[in-house]
Amino acid sequence: MIGSRIVAVGHYQPARVLTNEDLAGMVDTSDEWITSRVGIRTRHIAGPDEPVDELAAHAAAKALAAAGRTPAEIDLVLVATSTAIDRSPNMAARVAARLGMPGPAVMDLNVVCAGFTHALATADHAVRAGGASRVLVVGADKMSDVADWTDRTTCVLVGDGAGAAVVEACAPGAEAGIGPVLWGSVPEMGHAVRIEGTPPRFAQEGQSVYRWAATRLPVVARQACEKAGLAPEDLAGVVLHQANLRIIEPLARRIGAVNAVVARDVTESGNTSAASIPLAFSKLVEQGEVTAGDPVLLFGFGGNLSYAGQVVRCP
């Protein structure tokens, strides 16, 4: 089977920036309280006239432009999101319509914070199986829509944004640019991270998530490297789900990626759920912190206590 690779990435964030000082005027919190517990200083918040599919389409358009591809060349659109308001048309169809795509297959994936890495694996599998030759993969969430702005333990975490990647088949005989995925979940612990109710609201059991991430995920992330045939010290970059700096930094150390640049976009973007990994990865590429061909671990985790990770080669 022919492997796949990421040929370009792109990201988008709304213009409005909400600082910790702004939040201190809304709920009982402070800049010191937020930064000491989660490391977040700012986050971008979309307005009421900026739906999720608009965020996604902006990021997708940037990725397509960077790839030198037109929307008509895409035959599969995958959008990872957990903040779609409507059931149909799905987010992927709305993104395809915004971009003027003539008729791609369109699918949404809701695996919350691990959504993008699940979608990337699905794109890789579709290409390998011959079901697609060029795939647009997007992670996009508008977490401000599901935030409880009276709950200081959760509203300080969230931000809005989108990131995208264009995935294509490798040339025959070329090394695959997307490594094997390692994925799974802890279904009986699904209650630890929730977006439930009418209207839906984000809630979590922070200590349960922290303990799970700290104890279980380093082993899983190292196994993802093993499946790619790499040692952690061979990694040039590590992009974990941008949930909390107190989770990201210890987890990166425990993986053993001693030579890698570690994405810390959470400090300026907050937790953007499915958008966080492609957004942070796109920024590393744009800023030149990782370069073409570099091996980078992408590792998503969160809602459903789901996880998915793979080593990719930078576009």
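Above this text you will find the structure in question.
The text that follows walks through the structure, step by step, so that each part is easy to find. Treat the numbers as computed from the prediction; the structure is a model and nothing was measured.

## Some details on the packing of aromatic side chains
1) Next: Under the defined criterion, the tally for this structure stands at two aromatic pairs.
2) Next: Measuring from ring centre to ring centre gives 6.5 Å for Trp 212 and Phe 301, while their planes differ by 65 degrees; the resulting arrangement is edge-to-face. One end of the pair, Trp 212, is in helix H7 (residues 206–215); the other, Phe 301, is in strand E13 (residues 295–302), with 89 residues separating them in the sequence. When sorted by exposure, Trp 212 lands in the same class as Phe 301, which is buried.
3) Next: Here Phe 299 and Phe 301 contribute two aromatic rings whose centre-to-centre distance is 6.4 Å and whose plane-to-plane angle is 40 degrees, an arrangement assigned as tilted.
4) Next: Members of the aromatic cluster, connected to one another through ring pairs, are Trp 212, Phe 299 and Phe 301.
5) Next: Just above the ring of Tyr 210 sits the side chain of Arg 246; from NZ or CZ to the centre is 5.7 Å.

## Examining the side chain of Asp 124
1) Next: Note that Asp 124 resides in helix H5 (residues 115–128).
2) Next: Discounting residues that sit within four places of it in the chain, Asp 124 has contacts with Ser 4 and Ile 178.

## Digging into the pairing of strand E14 (residues 306–313)
1) Next: The buried fraction of E14 amounts to seven of the eight residues, a majority that puts the element mostly inside the structure.
2) Next: As paired strands, strand E8 (residues 182–184) and E14 are joined by three bridges and run antiparallel to one another. In the strand pairing of E14, Trp 183 is matched with Ala 308.
3) Next: Of the pairings in the sheet, the one linking E13 to E14 comprises eight bridges and is antiparallel in character.

## Re the sheet that holds strand E11 (residues 237–240)
1) Next: An order of E8-E14-E13-E11-E12 is seen for the five strands of this open sheet, with the pairing classed as mixed. Two strands in the sheet have a free side with no partner beyond their single neighbour: E8 and strand E12 (261–262).
2) Next: Across two bridges, E11 lies against E12 in parallel orientation. Each bridged residue has a counterpart across the sheet, and for Gly 237 the counterpart in E12 is Val 261.
3) Next: Packing against the sheet, H5 makes contact with E8, E13 and E14, and its axis sits at approximately 55 degrees to E14.
4) Next: Strands in contact with helix H8 (residues 217–227) are E8, E13 and E14; relative to E13, the strand with the most contacts, it is inclined by about 140 degrees.

## As for empty space enclosed by the protein
1) Next: Per the counting criterion, the structure on display carries one cavity of 30 Å³ or more.
2) Next: In terms of residue count, the dominant contributor to the lining of the largest cavity is helix H9 (residues 245–255) (five residues).

## Comments concerning the sheet that holds strand E4 (residues 76–80)
1) Next: Within the open sheet, the five strands sit side by side as E1-E7-E6-E4-E5. Their pairing is mixed. Pairing within the sheet leaves two strands with one partner each, and these edge strands are strand E1 (4–12) and strand E5 (105–109). The average undirected angle you get between the axes of adjacent strands in this sheet is 20 degrees.
2) Next: Sheet strands in contact with H5 are E1, E4, E5, strand E6 (134–142) and strand E7 (160–169), and its direction is about 165 degrees off that of E6.

## Let's talk about the nonpolar core
1) Next: Judged by nonpolar contacts, the single largest core of 48 residues is most densely connected at Leu 217, Leu 235, Leu 240, Leu 297, Phe 299 and Phe 301.
2) Next: Put simply, the parts of the chain that give this core at least two residues each are helix H2 (31–38), H7, H8, E11, H9, E13 and E14.
3) Next: Take this core: its biggest share by element is six residues, from H9.
4) Next: Not counting the four nearest positions on each side in its chain, Leu 297 is found in contact with Ala 221, Ala 224, Cys 225, Leu 235, Gly 237, Val 238, Val 239, Ile 255, Gln 310 and Val 311.

## Some remarks on the packing of H7 against H9
1) Next: Remark: H7 packs on H9, axes separated minimally by 9 Å, with the N-to-C direction vectors making an angle of 15 degrees. Between H7 and H9, the interaxial angle falls into the category roughly parallel. Here H7 and H9 pass one another in a crossing that is right-handed. Contacts between H7 and H9 involve Tyr 210, Ala 213 and Ala 214 on the former and, on the latter, Arg 246, Ile 247, Leu 251 and Arg 254.

## Concerning unusual backbone geometry
1) Next: The linkage connecting Ser 88 with the following residue, Pro 89, adopts the cis geometry, with an omega of 0 degrees.
2) Next: Locating Pro 89 in the fold gives a position in the loop between E4 and helix H4 (91–99).
3) Next: In this model, Ser 273 sits at a positive phi of 55 degrees, which is unusual for a non-glycine residue.
4) Next: A residue is classified by how much of its surface remains accessible, and Ser 273, at 0% relative accessible area, is buried.
5) Next: The backbone phi angle of Asn 304 is positive, close to 70 degrees, even though this residue is not glycine.
6) Next: Looking at the secondary structure, you find Asn 304 in the loop between E13 and E14.

Rules of the game
- The residue count restarts for each chain, going from 1 along the sequence in the order it is written.
- This being a predicted model, a pLDDT of at least 70 is required before a residue's local features are given, and a value of 80 or more before pairs of side-chain atoms are given or counted; all residues contribute to the totals for chains, interfaces and linings.
- To get the side-chain values, all heavy atoms of the structure are used, and hydrogens and water are removed first.
- Put simply, two rings from Phe, Tyr or Trp (the six-membered ring, in Trp's case) pair if the centres are within 6.5 Å, and we call them stacked under 30 degrees between planes, edge-to-face over 60, tilted for the rest.
- Each helix corresponds to a stretch of at least 4 residues labelled H or I by DSSP, and each strand to a stretch of at least 2 residues labelled E; elements are numbered beginning at the N terminus.
- Each residue is placed in one exposure class: buried if its accessible area under a 1.4 Å probe, protein chains only, is under 20% of its type's maximum, exposed if it is over 50%, and partly exposed if it falls in between.
- Comment: the charge-over-ring label is applied if NZ (Lys) or CZ (Arg) is within 6 Å of the ring centre and within 35 degrees of the ring normal.
- Whether two residues are in contact is decided by their heavy atoms: any pair within 4.5 Å suffices.
- Strand pairing is defined by DSSP finding a minimum of two bridges between the two strands.
- The angle between two axes is taken between their N-to-C directions and runs from 0 to 180 degrees, where each axis is a line fitted to C-alpha atoms and a helix contributes only its stretch in contact.
- Of the two site types, the cavity is a set of points on a 1 Å grid over the protein atoms alone where a 1.4 Å probe fits but cannot get out, and the pocket is an open set with protein on both sides within 12 Å along at least five of seven lines, each lined by residues with an atom within 4 Å of a point.
- Grid points are joined across faces, edges and corners, and a volume is the space filled by probe spheres set on the points.
- Here, the term nonpolar core denotes a set of buried Ala, Val, Leu, Ile, Met, Phe, Trp, Tyr and Cys residues that are joined through side-chain atoms within 4.5 Å.
- Every angle not falling under 35 degrees, over 145, or within 65 to 115 is termed oblique; those three ranges are roughly parallel, roughly antiparallel and roughly perpendicular.
- Two helices that cross are described as forming a left-handed crossing if the nearer one is turned anticlockwise from the farther one by less than a right angle, and a right-handed crossing if clockwise.

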